[in-house]
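# Residue-level structural notes
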Amino acid sequence: MSLWVKTNGFIKTVFPKYVWEIPNHEKKVYLTFDDGPIPEITEWTLAQLKKHNAKATFFCIGDNIQKHPEIFKKVIDDGHSIGNHTFNHLKGWETSLEDYIENTKKCSETMVNCQLNTEHAQLFRPPYGKIKPSQAGALRKLGYKIIMWDIISMDFDQTITPEECLNNVLKNIESGSIIVFHDSLKAWKNLEYVLPKTLAFLNEKGFVCEKIDYNWS
């Protein structure tokens, strides 16, 4: 699956069992952050969200949770949702079904060991957005909801400028959009510029930043 900044509507119809957006008439949008938690960047992200009274969903790598449990717990304590991003940031297209499922379970177990409610560990986003139908089907049978996105900021792409990254987000936002950022070192140059401006824009335009709840539907 190729990356569009704004996910092509045809792709959403081809893969209807994945969650691409959460339609609503209340100007709610859903900021998400992939690849943490890590020191400094995740903590900075949490501070920006708190400053703007915004909630978000963090799709965490199990290995990072294991290395930085105190930051993971701070995400939870600040009232944000948590999602599973596999234990080792696996690329589904290059991983066997058995290994992919076991790696995902290992991430969930790490979350639960950090005293996270099991249900919340059932939100799942495939790294790179790449997952085989067999993997997706197996995860759904285990109770996972597969959360994709409506907008990807491309903040991890170090060839684009912060201004281009900001434009990727602002020109595409609408009620129900699930928006991807990354609380990672690779994305830091763009995230540092884009996130505060995005949050200010959303406040100005009357949007509410909500976390994704496993039981929203």
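Residues numbered from 1 in each chain as written. Predicted model: local features only at pLDDT ≥ 70, side-chain atom pairs only at ≥ 80, totals over all residues. Heavy atoms only, no water.

Residue P37 is reached from G36 by a cis peptide bond, and omega for that bond is 0°. With respect to the element layout, P37 can be found in the loop between β1 (28-34) and α2 (41-51). Despite not being glycine, E40 shows a phi value in the positive range, around 70°. Within the fold, E40 resides in the loop between β1 and α2. (Helix = DSSP H or I, 4+ residues; strand = E, 2+ residues; numbered from the N terminus.)

Next up on the list: the packing of α2 against helix α4 (residues 69-77). Two numbers describe how α2 lies on α4: the axes approach to 10 Å, and their chain directions differ by 15°. With respect to each other, α2 and α4 are oriented roughly parallel. Here α2 and α4 pass one another in a crossing that is left-handed. When α2 is examined against α4, the residues T42, E43, L46 and K50 are found in contact with a partner set consisting of I71, K74 and V75. Residue composition of the contact of α2 with α4, grouped by class: three nonpolar, one polar and three charged. (Axes fitted to C-alpha atoms, helices over the stretch in contact; angles between N-to-C directions. Parallel < 35°, antiparallel > 145°, perpendicular 65-115°, else oblique. Left-handed = near helix turned anticlockwise from the far one by under 90°. Contact = heavy atoms within 4.5 Å. Nonpolar A, V, L, I, M, F, W, Y, C, P; charged D, E, K, R; others polar.)

What follows covers the nonpolar core. In this structure, L31, F33, F58 and F181 are the most contacted members of the largest nonpolar core, which totals 62 residues. The element that contributes the greatest number of residues to this core is helix α8 (residues 188-204), accounting for five residues. Apart from residues lying up to four places away in sequence, F58 is in contact with F33, T42, T45, L46, L49, V75, H80, S81, I82, G83 and D183. (Core = buried A, V, L, I, M, F, W, Y, C linked by side-chain atoms within 4.5 Å. Buried < 20%, exposed > 50% of the residue type's maximum accessible area, 1.4 Å probe, protein only.)

Of all the residues in helix α7 (residues 162-170), the buried ones are P162, C165, L166, N168 and V169. An end-on view of α7 places all buried positions within 150° of arc, on one side of the element. On its buried face, α7 sits against β6 (151-152), β7 (178-182) and α8. (Arc of directions from axis to C-beta.)

Here we take up the state of the cysteines. Under the definition given, this model contains zero disulfides. Free of any disulfide, C114 has its nearest neighbouring cysteine sulfur in C60, separated by 9.8 Å. Unpaired in terms of disulfides, C165 finds its nearest cysteine sulfur in C209, a separation of 16 Å. (Disulfide = S-S within 2.5 Å.)

Turning our attention to the pairing of strand β3 (residues 81-84). By the alternation rule, side chains of β3 split into S81 and G83 and I82 and N84, which are all buried. As judged from the four bridges shared by strand β2 (residues 56-60) and β3, these two strands associate in the parallel manner. The partner of F59 across the bridge, within β3, is G83. (Pairing = 2+ DSSP bridges.)

This part covers the pairing of β1. As a general feature of sheets, a regular strand has side chains that alternate between the two faces. Of all seven residues in β1, six are buried, a share of seventy percent or more. Where β1 meets strand β8 (residues 208-209), two bridges bridge the pair, whose relative direction is parallel. Considered in β8, the bridge of K28 is made with V208. Sheet topology note: the β1/β7 ladder contains five bridges and is parallel. The partner of T32 across the bridge, within β7, is V180. Direction of pairing for β1 relative to β2: parallel, over a ladder of four bridges. For L31, the partnering residue across the bridge sits in β2 and is A56.

A word on the layout of surface pockets. The calculated volume of the largest pocket comes to roughly 460 Å³. Here the lining of the largest pocket is built from residues that sort into 11 nonpolar, six polar and five charged. (1 Å grid on protein atoms, 1.4 Å probe; cavity = no way out; pocket = protein on both sides within 12 Å on 5 of 7 lines; lining within 4 Å. Points joined across faces, edges and corners; volume = space filled by probe spheres on them.)

Another point: the packing of α2 against α8. Two quantities define a packed helix pair, namely the angle between the axes and the distance from one axis to the other. Where α2 contacts α8, the two axes come as close as 10 Å, and the packing angle between them is 10°. Between α2 and α8, the interaxial angle falls into the category roughly parallel. Touching I41, W44, T45, Q48 and L49 of α2 are W188, L191, E192, L195, P196 and L199, all from α8. Grouping the amino acids of the contact of α2 with α8 by side-chain chemistry returns eight nonpolar, two polar and one charged.

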